[in-house]
Amino acid sequence: MEKIRLRLAMPQDAGRLLAVYAPYVLESTITWEYTVPSRLEMAKRIETHLAQGFPWLVAEDDQGILGYAYAGRMGERRGFDWDAEISIYLSADECGKGIGKALYAALLTLLAKQGYCNCYALVTHPNQRSERFHETMGFTQAALLPKAGYKQGKWLDLCYYSMMICDLPDRPRRPLALEELDPKLVQRILTRAANMVHDRG
């Protein structure tokens, strides 16, 4: 059985990431984006997240990229410095095989090591698969915004899921950028999470 690998994304991954993401844009309401971004735009998104010090992870095997997950700021103002918004996308035939859990496990661990305290995931409601997934990973529903968006001819609810990933310090330090973590620690976290995927059959 072929093992998966987790690694940090690079801007040159943009085309392969788009192959995963495009069906969600064109065929679903999971993302509220209407138009598939260009390869250049996707590369800029990766560059921006990395430049801001946030992780963007990919899961791959010898055949290519199977999925990805990333984090970004929850809000622009200074008081949001300890919050991260996270997202995940998997190729349709890779769902339910543990790859999403591995990506999230690595992502949440890295964010905690950086010093982030709260993670938030925005999920179109209803989306039972995503809702179950986030609950399994330890998230709880924090809010439901009725009819918050419109796509594919219907109004859509938006569910906020939240998870506290560390104890809240009285005087929190500003989170570290990903590049400030020990590269060996980062690699151990990625390898440990990848080893969670035992059976992709």
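What you see is a predicted model; the values in this text were computed from it and never measured.

Parameters and conventions
Sequence order sets the numbering: in each chain, residues are counted from 1 along the sequence as written. Local features in a predicted model are, by the rule used here, given only for residues with pLDDT of at least 70; side-chain atom pairs are given and counted only at 80 or more, and totals for whole chains, interfaces and linings are based on all residues. Working from all heavy atoms in the structure, the side-chain values ignore hydrogens and water. For two strands to pair, DSSP has to find at least two bridges joining them. Elements are defined by DSSP. Helices are runs of H or I of four residues or more, strands are runs of E of two residues or more, and each kind is numbered from the N terminus. Simply put, an axis is a line fit to the C-alpha atoms, just over the touching stretch for a helix, and the angle between two N-to-C directions goes from 0 to 180 degrees. Contacts: residue pairs with any heavy atoms within 4.5 Å of one another. For every residue, the accessible area (1.4 Å probe, protein chains only) is compared with the maximum for its type, and the residue is labelled buried under 20%, exposed over 50%, or partly exposed between those bounds. The arc in question is formed by the directions pointing from the helix axis toward the C-beta atoms. Buried Ala, Val, Leu, Ile, Met, Phe, Trp, Tyr and Cys residues that are joined via side-chain atoms within 4.5 Å together make up what is termed a nonpolar core.

Visitor: Hey, could you go over the sheet that holds strand β6 (residues 140-151) for me, with residue numbers and the actual values?
Guide: Across the sheet, 7 strands lie side by side as β1-β2-β3-β4-β5-β7-β6; this open sheet has mixed pairing. Strand pairing shows two members of the sheet lacking a second neighbour, β1 (5-8) and β6, which therefore form its edges. Strand-to-strand, the axes of this sheet are offset by a mean angle of 25°, without reference to chain direction. Strand contacts of helix α2 (residues 39-51): β2 (56-61) and β3 (64-73), with the helix running at about 120° to β2, the strand carrying the most contacts. The sheet contacts of helix α5 (residues 183-194) involve β1 and β2, and relative to β1 the element is tilted by about 150°.

Visitor: I'd like a description of the pairing of β2, backed by residues and values.
Guide: Regular strands place side chains that alternate from one sheet face to the opposite one. Summarising burial for β2: 6 of the 6 residues are buried, a large majority. Burial along β2 is two-sided: the residues Trp56, Val58 and Glu60 and Leu57, Ala59 and Asp61 are all buried. The sheet contact formed by β1 and β2 spans 4 bridges and is antiparallel. Bridging from a neighbouring strand, Leu8 pairs with Leu57 of β2. Bridging between β2 and β3 involves 6 bridges; their strand directions are antiparallel. Among the inter-strand pairings, Val58 is bridged to a residue of β3, identified as Tyr68. In textbook terms, the turn of a hairpin is the stretch between consecutive antiparallel strands, and for β2 and β3 this stretch comprises 2 residues.

Visitor: Which residues make up helix α4 (residues 128-136), and what are the values?
Guide: Three or more residues of α4 are buried, namely Ser130, Glu131, Phe133 and His134. Buried residues of α4 fall within an arc of 160° about the axis and therefore sit on the same side. Residues Gln128, Arg129 and Thr136 are exposed on α4 and point more than 90 degrees away from its buried face. Where α4 is buried, its residues meet β4 (83-90), α3 (99-114), β5 (118-125) and β7 (154-164).

Visitor: Requested: an account of the nonpolar core, with residues and values cited.
Guide: Counting 57 residues, the largest nonpolar core has Leu6, Tyr68, Ile86, Leu103, Tyr104, Leu111 and Phe139 as its most contacted members. Counting residues per element, this core draws most heavily on α3, which supplies 9 residues. Here Tyr68 is in contact with Leu17, Val20, Tyr21, Met42, Trp56, Leu57, Val58, Ser87, Ile88, Tyr89 and Leu103, once residues within four sequence places are set aside.

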